[in-house]
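Results of the structural survey
The primary structure of each chain is shown beneath.
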Amino acid sequence: MAGPGKPCAGLYSFLFEYDTPRIVLIKSRKVGLMNRLVQLAILAYVIGWVFVWEKGYQETDSVVSSVTTKVKGVTVTNTSELGLRIWDVADYVIPPQGENSIFVMTNMIITQNQTQGLCAEFPDKTTRCHSSENCTEGYVGTHSNGVQTGKCVTYRETEKTCEVFAWCPVEDDEHVPKPAFLHNAANFTLLVKNNIWYPKFNFTKRNILPNISKSYLKNCKYNSKTDPFCPIFRLRDVVESAGQNFQEMAVEGGVMGLQISWNCNLDKAASYCLPKYTFRRIDNKDSDHTVSPGYNFRFAKYYKNAGGRDSRTLIKAYGIRFDIMVFGKAGKFDIIPTMINIGSGLALFGVATVLCDIIVLYFMKKKYYYREKKYKYVEDYDLEANSSYGSQAETQEGCRIR
Amino acid sequence: MAGPGKPCAGLYSFLFEYDTPRIVLIKSRKVGLMNRLVQLAILAYVIGWVFVWEKGYQETDSVVSSVTTKVKGVTVTNTSELGLRIWDVADYVIPPQGENSIFVMTNMIITQNQTQGLCAEFPDKTTRCHSSENCTEGYVGTHSNGVQTGKCVTYRETEKTCEVFAWCPVEDDEHVPKPAFLHNAANFTLLVKNNIWYPKFNFTKRNILPNISKSYLKNCKYNSKTDPFCPIFRLRDVVESAGQNFQEMAVEGGVMGLQISWNCNLDKAASYCLPKYTFRRIDNKDSDHTVSPGYNFRFAKYYKNAGGRDSRTLIKAYGIRFDIMVFGKAGKFDIIPTMINIGSGLALFGVATVLCDIIVLYFMKKKYYYREKKYKYVEDYDLEANSSYGSQAETQEGCRIR
Amino acid sequence: MAGPGKPCAGLYSFLFEYDTPRIVLIKSRKVGLMNRLVQLAILAYVIGWVFVWEKGYQETDSVVSSVTTKVKGVTVTNTSELGLRIWDVADYVIPPQGENSIFVMTNMIITQNQTQGLCAEFPDKTTRCHSSENCTEGYVGTHSNGVQTGKCVTYRETEKTCEVFAWCPVEDDEHVPKPAFLHNAANFTLLVKNNIWYPKFNFTKRNILPNISKSYLKNCKYNSKTDPFCPIFRLRDVVESAGQNFQEMAVEGGVMGLQISWNCNLDKAASYCLPKYTFRRIDNKDSDHTVSPGYNFRFAKYYKNAGGRDSRTLIKAYGIRFDIMVFGKAGKFDIIPTMINIGSGLALFGVATVLCDIIVLYFMKKKYYYREKKYKYVEDYDLEANSSYGSQAETQEGCRIR
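Nothing here was measured: the structure is a model prediction, and the numbers come from that model.

Turning to the overall build of chain A, a few remarks are in order. Per the secondary structure count, chain A includes 10 helices and 19 strands. Against the 2.2 N^0.38 benchmark of 21 Å for 402 residues, chain A shows a C-alpha radius of gyration of 39 Å, more extended than a compact globule. Reported as C-alpha extents along the three principal axes, the dimensions of chain A are approximately 125 × 65 × 50 Å. Looking at chain A alone, contacts between residues at least 24 apart form 69% of all its contacts between residues at least 6 apart. On chain A, roughly 18400 Å² of surface is accessible, and the fraction owed to carbon and sulfur atoms is 55%. Between the averaged position of the 49 positive side-chain charges in chain A and that of its 40 negative side-chain charges there is a distance of 10 Å.

This part is about the packing of helix H7 (residues 335–363) of chain A against helix H8 (residues 367–374) of chain A. Residue and element names in this part refer to chain A. Close contact between H7 and H8 brings their axes to 6 Å; oriented N to C, the two are set at 120°. It follows that H7 is oblique to H8 by the angle criterion. Where H7 approaches H8, its residues Asp357, Val360, Leu361, Tyr362 and Phe363 are matched on the opposing element by Lys367, Tyr370, Arg371 and Lys374. Here the residues of the contact of H7 with H8 are counted per class, giving five nonpolar, no polar and four charged.

At the junction of the two partners, chain A supplies 92 residues and chain C supplies 78 residues. Buried area between chain A and chain C, summed over both chains or domains, comes out near 8000 Å², and the portion from carbon and sulfur atoms is 58%. For the pair chain A and chain C, the interface holds four salt bridges. Our count for the chain A to chain C interface comes out at 35 residue pairs in polar contact (both at pLDDT 80 or more).

The subject of this paragraph is the relation of the copies chain A and chain C. Mapping chain A onto chain C leaves a residual RMSD of 0.2 Å; the transformation is a rotation of 120° accompanied by 0.1 Å of translation along its axis. Within this description, the copies of the chain are treated as partners about a three-fold rotation axis.

Residues and elements named next belong to chain A. Averaged over all residues, the pLDDT of chain A equals 87, while 92% of them reach at least 70. Contacts of residues 387–402 to residues separated by more than four positions or lying in other chains number 18 contacts, the stretch itself having pLDDT below 50. The ipTM for the predicted assembly is 0.83, set against a pTM of 0.87.

To continue, consider the state of the cysteines. All names here are of chain B. Inspection of every chain in the model, using the stated rule, returns 15 disulfides over all chains. Shown here is the disulfide that connects Cys119 with Cys168, its sulfur atoms set 1.9 Å apart. Its torsion about the S-S bond being -80°, the disulfide of Cys119 and Cys168 is classed as left-handed. Separated by 49 residues along the polypeptide, Cys119 in strand E7 (residues 101–120) and Cys168 in strand E9 (residues 159–168) bring together distant segments of the chain. The residues Cys119 and Cys168 share a single accessibility class, namely buried. In this model Cys129 forms its disulfide with Cys152; the gap between the sulfur atoms is 1.8 Å. Across the disulfide from Cys129 to Cys152, rotation about the S-S bond amounts to roughly 95°, and the bridge is consequently right-handed. Separated by 23 residues along the polypeptide, Cys129 in the loop between E7 and strand E8 (147–156) and Cys152 in strand E8 bring together distant segments of the chain.

Quick look at the UniProt feature "glycosylation site" (unreviewed entry) in chain A now. The feature "glycosylation site" (unreviewed entry), as given by UniProt, occupies Asn187(A) in the numbering adopted here. Filtering out sequence-adjacent residues up to four positions away, Asn187(A) remains in contact with Arg234(A) and Arg236(A).

As a further point, take the pairing of strand E13 (residues 254–261) of chain C. Residue and element names in this part refer to chain C. Most of E13 is tucked away, with eight of its eight residues classed as buried. Of the two faces of E13, the one holding Gly254, Met256, Leu258 and Ile260 and the one holding Val255, Gly257, Gln259 and Ser261 are both buried throughout. Across eight bridges, the pairing between E13 and strand E17 (residues 310–327) is parallel. Its bridge partner lying in E17, Ser261 is registered against Phe327. As defined by bridge partners, E13 adjoins strand E15 (residues 276–281) across six bridges and the pair is classed as antiparallel. Of the residues in E15, the one forming a bridge with Leu258 is Phe279.

Right, let's talk about the interface of chain C and chain B for a bit. Across the boundary between the two partners, chain C contributes 91 residues, which contact 76 residues of chain B. The junction of chain C with chain B conceals about 8000 Å² of combined surface from both sides, 58% of it contributed by carbon and sulfur atoms. Of all residues in chain C, Arg36(C), Lys376(C) and Val378(C) bury the most surface against chain B, accounting for 9% of the area lost on that side. In this structure, the connection of chain C to chain B is made through four salt bridges. For the interface between chain C and chain B, the tally reads 35 residue pairs in polar contact (both at pLDDT 80 or more). At 10 residues, helix H7 (residues 335–363) of chain C tops the list of elements feeding residues into the side of chain C that touches chain B. When the residues that make up the side of chain C that touches chain B are grouped by side-chain class, the tally is 43 nonpolar, 23 polar and 25 charged. For strand E1 (residues 17–21) of chain B and strand E2 (residues 23–27) of chain C, the ladder comprises five bridges, and the chain directions are antiparallel. In the sheet register, Thr20(B) faces E2(C), and the bridge partner there is Val24(C).

Residue and element names in this part refer to chain C. The strand order across the open sheet built from three strands is E3-E18-E14, with neighbouring strands paired in mixed fashion. Two strands close off the open sheet at either side, each with one partner strand: strand E3 (58–62) and strand E14 (264–265). Direction of pairing for E14 relative to strand E18 (residues 329–333): parallel, over a ladder of two bridges. Within E18, the residue paired with Asn265 across the bridge is Gly331.

All right, on to the packing of aromatic side chains then. Tallied over the entire structure, the rule returns 63 aromatic pairs over all chains. Taking the centre distance of 6.4 Å and the plane angle of 25° together, the rings of Tyr198(A) and Phe203(A) count as stacked. Both residues of the pair, Tyr198(A) and Phe203(A), count as buried. Their ring planes at 70° and their centres at 5.7 Å tell us that Tyr222(B) and Phe279(B) sit as a pair that is edge-to-face. Placement of the pair is Tyr222(B) in the loop between helix H4 (214–219) and strand E12 (232–234) and Phe279(B) in strand E15 (residues 276–281), with a sequence separation of 57 residues. There is no split in this pair, since Tyr222(B) and Phe279(B) are both buried. The positively charged end of Arg36(B) is found above the aromatic ring belonging to Phe14(A), 4.2 Å away from the centroid. Stacked on the ring of Tyr272(B), the Lys or Arg Lys268(B) has its end atom at 5.5 Å from the ring centre.

The rules behind the values
Residues numbered from 1 in each chain as written. Chains lettered and ligands numbered in written order. Predicted model: local features only at pLDDT ≥ 70, side-chain atom pairs only at ≥ 80, totals over all residues. Heavy atoms only, no water. Helix = DSSP H or I, 4+ residues; strand = E, 2+ residues; numbered from the N terminus. Rg over C-alpha atoms; globule rule 2.2 N^0.38 Å. Contact = heavy atoms within 4.5 Å. Areas by Shrake-Rupley, 256 points an atom, 1.4 Å probe, with all protein chains shown as cover. Lys, Arg positive; Asp, Glu negative; His and termini not counted. Charge placed at Lys NZ, Arg CZ, Asp CG, Glu CD. Axes fitted to C-alpha atoms, helices over the stretch in contact; angles between N-to-C directions. Parallel < 35°, antiparallel > 145°, perpendicular 65-115°, else oblique. Nonpolar A, V, L, I, M, F, W, Y, C, P; charged D, E, K, R; others polar. Buried area = accessible area lost by both parts, 1.4 Å probe. Salt bridge = Lys/Arg side-chain N within 4 Å of Asp/Glu carboxyl O. Polar contact = N/O pair within 3.5 Å; in protein donor to acceptor, adjacent residues only side chain to side chain. Least-squares fit on C-alpha atoms with pLDDT ≥ 70 in both. pLDDT = per-residue confidence, 0-100. Disulfide = S-S within 2.5 Å. Buried < 20%, exposed > 50% of the residue type's maximum accessible area, 1.4 Å probe, protein only. UniProt positions renumbered as here; feature names shortened; annotations may be inferred. Pairing = 2+ DSSP bridges. Phe/Tyr/Trp six-rings, centres within 6.5 Å; stacked < 30°, edge-to-face > 60°. Lys NZ or Arg CZ within 6 Å of the ring centre and 35° of its normal.

Written out as structure tokens, the structure is:
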């Protein structure tokens, strides 16, 4: 980018002169081959791994998802407490609709006809008493059912506990029914409808694929091998695909993850963008390192009796909550990640030169010879100016030290 | 990076010598101009596209969002079954509060006073029968309302179906009310309050902008042109903005996506970070390639009659679920993506040199001449050592082959 | 990459010749040192900032999360309207289970024994009237409780409002109870169980760490200093950690964000991947720039009286919704971001040369001398061919203009 002093001439030389680095071409079979091999390795890495395998030429976007679910199935139970009872969707799906998760009750502890009043608290080490001295009026513990009154009353024949003001009778959740009360829930079916959208590429798709017919959907059940795109899952299959046992899980409940992964290459046709279902147990089975194992919560049905008095049925519902977790990335060709990777690749080619230079200039027998050929030593101006000067010397100088 | 043998001298020359590539300056207008044009194109790509358009100098972060919703509106219905009835928020929003989605019931099939007992199953091809031989005791199908007893009983005057133990009478969901029962839901309003956070930049903002006054909020309705930042949406407007018909959608229900996109450039003032609302129908209208079209679910209200016997009202609720989908990215200047893009851009400049080299050295008339100027051929040391040697020859050699 | 004309010879020279740029080595202490300093700065940036600080050698993935929550606690209230009442989990958590958020009612306006019928609307500027002329039959406003009949009736002794067909008596939500009705909710505890998954690295972890024992979990409470990994939070602590006052927030309700951030370096042991809890108030406290401040929603409990007539208790529930927001990124070594950053770093080294070149060739005293050493001027072939030719001139030429 040199030129005579004037700006116009400077611009002229800038535009109309082509500057290219001067290259020293060393005829050495060993070094030449090594140089080409290193360059080939870098090229293989850039083309093979970065572009073909990892799709480094693509821009990515995360999925935005919407899920609707529906459970179907009925079961009958027969216990001394409740008698013969039918349970359908409105009875065991709580709450009746949700967004990305659905709870199916599989077991329960039911306390009927609770009314607000005074009764004996449930026995545990903080509530058992011998006399009123063991009870404190107004005391509420973390696990209390009510507020203590200060009196000590009979809970059962042989046990006395502190009296509380609570919904009476208090719940007895010591023994969870085993086997699970609604053990037939294993045969219920879960329909999952999922709509995904990649905003950056304005691409939408549903998990009920366009080529699936209505008649197929009416009767199919998901199977990873035979029916991988049927959106209807038998609850037992979901649990067993995660390596769990449904009946075991149904006793104390749990959380199952139904993972739908959408990893799409949008440079291909849209029909290649397909959902992949996997299943995973999310709660911790190991009850030694967790608190409140399984999955349960309490809810109540409220009634007014003839006198207008409030009463309720408290239900501690154990069950399996199915979390539909949708995730994934779409990739599509974009010039910027392509150029970044090409640019970085080009820069990496320089490594081949650095490597071979080190070998040629420091480790080969002829290193001093090669150094002489590669480097043009330029002494400090003053030194040259002061040395013996004459056209003859200059020619000699200019010619020898290159 | 050469120097005499000793390490101190090596370090001295490493620190105090400056190495720069030797450049061959070819005065050729054609090649010079082409070189500058290619370099200009690369510069335009890097500065124009990468930095200005795609903001390649920015680090990005995804949004973390929280949404609250509230619906307002009442409507009156008058049917022979239910009589004159008012429906307000507590009646049609189920469940009463949710996180990112809200369901508004627009249509329903109500089955009142169900009690557990024996009755005829709803007629379909698996339940119609002529005699008990067609019914199997204990059989439960996917769409059953209850468990079959094995008997065949009269459902209606001319129809007989298998008897089941179920909540009786069973639901008749063959005919969905048309027009929709709560068709006035079109006039209900939905308030959406959204708080977003970009953790990486610790930036928060709400969709109710700081400059909006309380009095404006009390009466405004969202309109993409006149009131683009009013957070109150009329349900009909939401549906119509997605190109759908509310009354048509209200019959079998559906899922509407209310998308709030927050794409913010945090290098500008916070006031430029604004939400953008778009609307999209999420469920599949095409009933030929879907199962369970529209959106519905069943729930029940439980009662105890005077005798303490359980009864319930089963409601198959059809309606529109509004999913509030919040997404977006924020960008802010960061040195690393900037340097990556500058580095890749610098590496790409090398492409201009490679291109012009190829043209100059292989395609121009004077290619051999230019090659001679560009390359300094270095023979194998042995060959040079063995050739005729003398200061004169050396000078000649050194001077000629450059 | 030159060679004789024939392709085989071309391939031979391509493979077995090593080309390296010719370097001009300028012995200048000033420029040499400056060059090394700029290169050192670039190296420090690449190694220090890009690799060590920002972990530029890592690939990242976003978290996929599942949350379960459980609240514990009871409280007693005593008002003239409701008398002495106990409130437990089934009474104040609405709905009883959710996914990522849980609502705890802290205050309420209760309207008991509502039945459908005709009564006076709640007074506000659109409903007050003097005579039937002020009321329009069939009119429904955004905040109406029912549909106007057109008559003007007495609401209270001194006030007359339009008559409506609604659930009567209409709700009076003018005065929110202060202090909050369930102010003791401050002592309730919230257990959060969170399971996270990084799909790209197939790494899962729970917030209840493997080394935490069951006995510790039974009694611990979260504290950012003493118990940073206890998953049980006292509601008051959550609110106060965000700099808010629980009792103040409990009156009109609000939304609290319980943020769990999982930023993990998966090149280290899994035990270093720990959750970090932060708390933030999400709703806008400033009631001048918001509509419907706080957080509330209406729900109803439905009853049938002896005659089979529907009645309901309407509850406008104010409370705190706790949104569990899980986010974070995991990083793990990956060859591609490493190579991209190395490549860009290498390209940036070229900046040192460009900078020093500019100084050496344009700003130093000896710039013309150095330009002579750096550049090899190549005239247009024709000019050279036409100039005086002779071996003597050529030698002179060849030797002088280098």
